[in-house]
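Structural overview
Here are the chains, one letter per residue:
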Amino acid sequence: MIPVYKPAIGTKEKKYVNECLDEGWISSRGKFIEQFEQSFSAFTGVNYSTSVCNGTVALHLALIGLGIGVEDEIIVPTFTYIASINSIMQVGAKPVYVDSLHDTWQMDPSAIASKISAKTKAIMVVHLYGYPCDMDAITKIANQHGLLIIEDCAESFGTYYKKQHTGTFGDIATFSFFGNKTITTGEGGMVCCKSADVYKNICKLKNQGVSKDREYWHDTLAYNYRMTNICAAIGLAQLESAAEIIKNKRIIALAYSQAFKDIPVVFHAESDDVVHSFWMCSIAVESESIRNELRSFLKAAEIETRPGFVPAHLLPHTMTQETFPVAEKLSATVINLPSWPDMSNIDMNRIISTIKKFFATYNKDNMLSTEHADGSYIR
Ligand SMILES: *Cc1c(COP(=O)(O)O)cnc(C)c1O
């Protein structure tokens, strides 16, 4: 089976982890924590970085750190991974959904203004699949209405908008280092802050709210969201190989984009002013039935794929009665293809030729019978 993802772990990761094990610094103290955080700030150009144990708690801390809570409204794309929405609900705030853009698959800036109310505190942008949101347009709206910007960069390490790394536009940004993310620590995350005060507050909140000057003095509800030195050791090694990882992913993306020119597949491509990190090399096909047939065909050929996310407004605990046509269409027609950096040319060619073979033998009449077969969330 060719998997959708597989982390690129080298000898440096093992060397650094062994240092932790040999020296006994296996918990959340140790030299790699600071080195990883500082190198991460240097790589991305953010002001302050603090490591945490996953990307979901990174979002939770970001919201608390900005003072967002009960009754506040956060504008967020419905087409995202559930962690973005769950974190908003965890602080008692309300996610207010907007649709996505058909071309870039990112949050539609023109849909934001009509969703702003007296309770709106922030816009949470999510740079999906390695492509950045339209930050000029979104920053303009946020400034006009005095809203904060939170960037969920879990999928956008190595992604640039107008030569600026994602995570440097908003008031706060979060990253994930889950095993299938562009750089990984196994489980892990980072919170990146524009202001020193927010950064200090987040550092305190992730560490049981303990006072810096008085032992066992806790004056606020807080968390243990710390990253371990072992994870940071892996993260530092990953950062040191990041340029290579991204280069290899871009080579794969280029091969896909050239291969799909003459078949009815839209590759999620790069465009002007944008550096796409291709976290997931993705395609959109014409309909949900074709999507399902193609995924089955690839599965039978031992090629793993993933469907697009189910929009939050259609999931049981985050549902609304609204309709978001672009998000629903993307959810039904997107396929994430194998995108791991160390994939061989042989695997790559097998995936491409299997997709081409599918469309060469594709018969519309056969497809119709499966229309909406598993599409209960399609209206
Ligand atoms: C992966 C991901 C997260 C959550 O990260 P974890 O480290 O898995 O908790 C949040 N948002 C988006 C968009 C993601 O893809």
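Up top is the structure these notes are about.
Residue positions within a chain follow its written sequence, with the count starting from 1. It should be noted that, the model being predicted, local features are given only for residues of pLDDT at least 70 and side-chain atom pairs only at 80 or more, the latter also being counted only at that level, while totals for whole chains, interfaces and linings use all residues. Note: side-chain values were computed over all heavy atoms of the structure, leaving out hydrogens and water.

**Examining the sheet that holds strand 2 (residues 73–77)**
Our working rule: Paired strands, as defined in this entry, are two strands with at least two bridges between them according to DSSP. What counts as a helix is a DSSP run of H or I of at least four residues, what counts as a strand is a run of E of at least two, and both are numbered from the N terminus. The convention used is that axes are lines fitted to C-alpha atoms, helices contributing only their stretch in contact, and that angles between N-to-C directions extend from 0 to 180 degrees.
As summarised here, the arrangement of the 7 strands in space is 1-9-8-5-4-2-3, forming an open sheet in which the pairing is mixed. Lying at the two open borders of the sheet, with one neighbouring strand each, are strand 1 (48–52) and strand 3 (94–98). On average, each strand axis in the sheet is tilted by 20° relative to the strand beside it, whichever way the strands run. In the sheet, strand 2 pairs with strand 4 (residues 120–126) via 3 bridges, with the strands oriented parallel.

**A closer look at the side chain of H127**
To be explicit about the condition: Polar contact criterion, stated in full: a pair of N or O atoms within 3.5 Å, where within protein one must be able to donate a hydrogen and the other to accept it, and residues adjacent in sequence count only if both atoms are side-chain atoms. In this description, contact between two residues means that some pair of their heavy atoms is separated by no more than 4.5 Å.
Take H127: it is sitting in the loop between strand 4 and helix 5 (135–145). Of the polar contacts made by the side chain of H127, one reaches the backbone nitrogen of C133; its length is 2.9 Å. With residues near it in sequence (within four places) discarded, H127 still touches Q106, P132, C133, M135, E151, D152, C153, E155, S156 and T166.

**Observations regarding the pairing of strand 3**
As a reminder of what qualifies: Residue exposure (1.4 Å probe, protein chains only): buried if accessible area is under 20% of the type maximum, exposed if over 50%, otherwise partly exposed. A clockwise course of the path from the first strand over the helix to the second, judged with the strands pointing away from the viewer, identifies a crossover as right-handed.
Taking burial as the measure, the 5 residues of strand 3 include 4 buried ones, the bulk of the element. Following the chain from strand 2 across helix 4 (residues 82–90) to the adjacent parallel strand 3, one finds a crossover that is right-handed.

**Brief notes about the pattern of salt bridges**
Quick reminder of the rule: In what follows, salt bridge is the name for a side-chain nitrogen of Lys or Arg lying within 4 Å of a carboxyl oxygen of Asp or Glu.
Applying the stated rule across the entire model yields 13 salt bridges. The closest approach of N and O atoms between K31 and E19, which form a salt bridge, is 2.8 Å. Residue K31 is found in helix 2 (residues 31–44), and its partner E19 is found in helix 1 (residues 11–23); the two are separated by 12 residues along the sequence. Since its relative accessible area comes to 39%, K31 is described here as partly exposed. Its salt-bridge partner being D136, residue K162 comes within 2.3 Å of it at the nearest N-O pair. You can see K162 sitting in the loop between strand 6 (160–161) and strand 7 (164–165) and its partner D136 sitting in helix 5, a full 26 residues away along the chain.

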